[in-house]
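Understanding the architecture of this molecule
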Amino acid sequence: MARAPSSILIFLRQNPRARQNPNTQIRYHTTETKECDFTEVAQQICKIIRTKPRWEQTLPSEYPSFNFSDPQFFTELLKLQKNVLLSLRFFFWLRSHNGFSPDPISCKALFSALVEAKACNAAKSFLEHTSFSPEPASLESYIQCLCEGGYIQDAIDVFYRLKEAGVCPAIMTWNAALSGCLKVRRTDIIWKLYQEMIECGVVADVDVETVGYLIQAFCADNRVSEGYELLRQVLVNGLVPENAAFNTLISGFCKEKQYTRVSELLHTMIAKNCVPDNYTYQGVINWLCKKGKGLEGLRVFNDLKDRGYAPDIAMYTTMIHGLCTMGWLGEARKLWFEMIEKGYHPNEYTYNTMIHGFCKIDNFEEAKTLYKEMCNKGYKETTVSYNAMMTGLCLHGRTDEAYRLFQEMHQKGIVRDLITYNTVIQGFCKEGKIVESMNLFRELLAQGLQPSAYSYTPLIEKLCQVGAVQEAKGLWNDMKNIGLEPIVGTHDYIIIGLCDQGDAAEGMEWFIEMLNSKLKPKQDTLGILVECLTQRDRLDDSLLVLEFMFRTGYALEKGICHSLVNKLCWEDNHFVENCLGEILEGK
DNA sequence: CGGCGGGGCA
């Protein structure tokens, strides 16, 4: 049996406070001069450092004969002392006293204990303040510990340390790192790590967990389809990722309005016996609501409740949002209170959803009350909360108020994003304030924001309406030049604008262009085009358009029909018969 | 592990 340092016993005897402890008293009486094992001494030290906050002063360096240098002693202490941070403190104290020089065994035991206790900072500081160099297996655990604590950069450093030592970590360690990166939204590091995985050949060990993280990383980077592709590949290979992968894809596709994919994913889940969880149900309800089947969403939601399942805050928020979209504010409000009753307090999402709901039905009183409540609860005003109010205001012809908020955002330093600009541009256009709209549009570009097709459309529409077709065409070209596809209906505005100016020839060109692009002009647009062509005596073209209209199932307004027939009769009776005959046959 | 909010032709 190893010899215990007798000095500790002297210390205990001389320290009255320590002696009040029954255990120490026993030691005092029975082991004063005898030998005792490390366990006993470690027990005593353990108790002291646990119960005496200022033990550093009562375990003074005046006892130079302390000899704790035997690795067994510290290892013993570590086993007994459940609070590893206290052990670390004792370790550092020991080191600065009595010539205690940390031995590798103690160091390893302490480091492992710190890592096991997920004490990232303590482990980091331990490595920094000692010359201890853990072996690869310890470093792998350390990586996992760092990742869980969110210290990704430190974890990556350790990865490179291992790499330099020629060690390729196990798949578990890689997975921990991938998971950690996801948590702090560092997908850039994920892809770098994945590259490393390929290089060191560990990809052969990739498991469902890895696949799940990679799929989530794709989704986080808005590369949902690539994530889906990966899922399909691993399914072929017989691997079924965990629900999280499916759920993330469902939510990603829901955002992209790829509802067919959502449906496919749900079918796959069923086929693979994946039991739906909170996230799946939330995704399903969201999917149903977003594709206009809010009623079905509500049924799923109510079924869940009937089955004794308690929806959580996100599910409530999704359902409230769905009901608001359907205009069922009363039902939405009922769920709001039900949710609160069940102990879920509205979060930022819930507030914004409900506020937006009230704005949409022109109930700004209620919206503003909720807005204030949200601020009072400590939720910050955000781009989203402002946008919600502003879209509501613009929707109800209160663009000036919206614009005041737009300026307020700037004063408060809240970022104005593309949606903010598009909303106000659209609002101004709707009220015919084209100059203001154009100014905002230029400001949008000046801010370095990438405009979307929806930034251009209201401007093009309004410019055409006020006869500024050339300017509209200029915007159209700008839009095409930066690779944006015009949204449905934009061609129509230009055709109508051209016809309004009597430019039937160019109107016809745009019509042909639409046909070539497989786009379908609106009925009214074509009516106007026919009328314009007729007035300009371009009867062949009129009939061409007319033929398209009949083929599409469109009707021609009586007045326009009359003037066309009149014109045709005036020109050449026989020709009319032929053409109309052909058109009717074609029908 | 994660999900929920603001826009968008008629």
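Below you will find a few notes about this structure. It should be emphasised that the depicted structure is a prediction, and the values quoted were computed from it without experimental measurement. (Residues numbered from 1 in each chain as written. Chains lettered and ligands numbered in written order. Predicted model: local features only at pLDDT ≥ 70, side-chain atom pairs only at ≥ 80, totals over all residues. Heavy atoms only, no water.)

Some remarks on the nonpolar core
Selection rule: Think of a nonpolar core as a cluster: buried Ala, Val, Leu, Ile, Met, Phe, Trp, Tyr and Cys residues, connected wherever their side-chain atoms sit within 4.5 Å. Only protein chains enter the area calculation, which uses a 1.4 Å probe; residues under 20% of their type maximum are buried, those over 50% are exposed, and those in between are partly exposed.
Counting 86 residues, the largest nonpolar core has Met354, Ile355, Ile460 and Val545 as the members making the most contacts within it. The next biggest cluster of nonpolar side chains, apart from the first, holds 82 residues, and it includes Ile49, Cys107, Ile152 and Leu249.

Focus on the protein's contact with DNA strand B
As a reminder, the rule being used: Throughout this document, a residue counts as near a molecule or strand when at least one of its heavy atoms sits within 4 Å of that molecule or strand. Two N or O atoms count as a polar contact when they lie within 3.5 Å, although within protein this holds only if one can serve as hydrogen donor and the other as acceptor, and sequence-adjacent residues are included solely when both atoms are side-chain atoms. Strands here mean DSSP runs of E at least two residues long; helices mean DSSP runs of H or I at least four residues long; both are numbered from the N terminus. Residue type decides the class: Asp, Glu, Lys and Arg count as charged, Ala, Val, Leu, Ile, Met, Phe, Trp, Tyr, Cys and Pro as nonpolar, and the leftover types, Gly among them, as polar.
In the neighbourhood of DNA strand B, 42 residues make up the surrounding shell, with Glu242, Asn247, Asn352, Asn387 and Asn422 lying closest. Within 4 Å of the protein, the atoms of DNA strand B are drawn from sugar and phosphate moieties in a proportion of 38%. Here asparagine 243 contributes a backbone N or O atom positioned 3.2 Å from a base nitrogen of DNA strand B. At 2.7 Å, a side-chain N or O of aspartate 312 approaches a base nitrogen of DNA strand B. Sorting the residues of the surface near DNA strand B by element identifies α14 (208–220), α16 (243–255), α18 (278–290), α20 (313–325), α22 (348–360), α24 (383–395) and α26 (418–430) as the ones contributing at least two each. Partitioned by chemical class, the residues of the surface near DNA strand B number 12 nonpolar, 20 polar and 10 charged.

Here we look at the pattern of salt bridges
Any two side chains of opposite charge can pair, so long as their charged atoms come close to each other. Note the following rule: The working definition used for a salt bridge is a side-chain nitrogen of Lys or Arg within 4 Å of a carboxyl oxygen of Asp or Glu.
Scanning the model with the defined rule gives 25 salt bridges in all. Two residues, lysine 433 and glutamate 431, come together in a salt bridge whose shortest N-O distance is 3.5 Å. As a salt-bridge pair, lysine 480 and glutamate 485 come within 3.8 Å of each other at their nearest N and O atoms. Overall, the relative accessible area of 58% leaves glutamate 485 in the exposed class. The network of salt bridges with shared partners includes Lys305, Glu338 and Lys342.

Some thoughts on the packing of aromatic side chains
Filter applied, for reference: The rule is short: rings of Phe, Tyr and Trp, with Trp giving its six-membered ring, pair when the centres are within 6.5 Å, and they are stacked under 30 degrees, edge-to-face over 60, tilted in between.
Going through the model one piece at a time under the given rule, you end up with 22 aromatic pairs. Measuring from centroid to centroid gives 5.3 Å for phenylalanine 301 and tyrosine 316, while their planes differ by 80 degrees, and the two rings are edge-to-face. A residue pair is termed long-range when its members are at least 10 positions apart, and phenylalanine 301 in helix α19 (residues 294–306) and tyrosine 316 in helix α20 qualify at 15 residues. Centroid distance tyrosine 351 to tyrosine 379: 5.9 Å. Interplanar angle 55 degrees. Geometry classified as tilted. Taken together, the positions of tyrosine 351 in helix α22 and tyrosine 379 in the loop between α23 (364–376) and α24 put the pair 28 residues apart, joining distant regions of the chain. Look at tyrosine 351 and you get buried, because its relative accessible area is 0%.

Observations regarding unusual backbone geometry
One non-glycine residue, asparagine 222, adopts positive backbone phi at about 60 degrees. By the element assignment, asparagine 222 lies in the loop between α14 and α15 (224–236).

Looking at the environment of glutamate 443
Filter applied, for reference: Residues count as neighbours in contact if any of their non-hydrogen atoms are within 4.5 Å of one another.
Along the chain, glutamate 443 turns up in helix α27 (residues 434–446). Note: C-alpha distance between glutamate 443 and tyrosine 421 (22 residues apart in sequence) is 8.7 Å. If we skip the residues at most four places from it in the chain, glutamate 443 touches Phe406, Arg416 and Tyr421. Here the side chain of glutamate 443 touches arginine 416 through a polar contact of 3.4 Å, side chain to side chain.

What about α27?
As a reminder of what qualifies: Each residue after the first adds 1.5 Å to the expected span of a helix. This arc describes the spread of directions from the helix axis toward the C-beta atoms.
Compared with an ideal rise of 1.5 Å per residue, which puts 13 residues at 18 Å, α27 spans 18 Å between its outermost C-alpha atoms and is within 8% of the ideal. Taken residue by residue, α27 has Ile434, Ser437, Met438, Leu440, Phe441 and Leu444 as its buried positions. The buried residues of α27 occupy an angular sector of 160 degrees when the element is viewed end-on, so they sit on one face. More than 90 degrees from the buried face of α27, the exposed residues found are Val435 and Ala446. The inward-facing, buried residues of α27 contact α25 (399–412), α26, α28 (453–465) and α29 (469–481). Residue glycine 448 follows α27 closely and has a positive phi angle near 85 degrees.

Focus: the environment of leucine 230
Assignment of secondary structure puts leucine 230 in helix α15. Among the residues examined, leucine 230 registers a relative accessible area of 18% and is labelled buried. With 21 residues separating them along the chain, leucine 230 and serine 251 place their C-alpha atoms 16 Å apart. If we skip the residues at most four places from it in the chain, leucine 230 touches Val211, Leu214, Ile215 and Phe218.

Considering helix α9 (residues 120–129)
What α9 keeps buried is the set Cys120, Ala122, Ala123, Lys124, Phe126 and Leu127. In this fold, the buried residues of α9 make contact with α7 (84–95), α8 (104–116), α10 (136–148) and α11 (152–164).

Quick notes on the side chain of glutamine 81
Mapped onto the fold, glutamine 81 is located in the loop between α6 (71–80) and α7. Among the residues examined, glutamine 81 registers a relative accessible area of 3% and is labelled buried. Those residues in contact with glutamine 81 that sit more than four places away from it in its chain are Cys46, Ile49, Arg50, Leu86 and Ser87.

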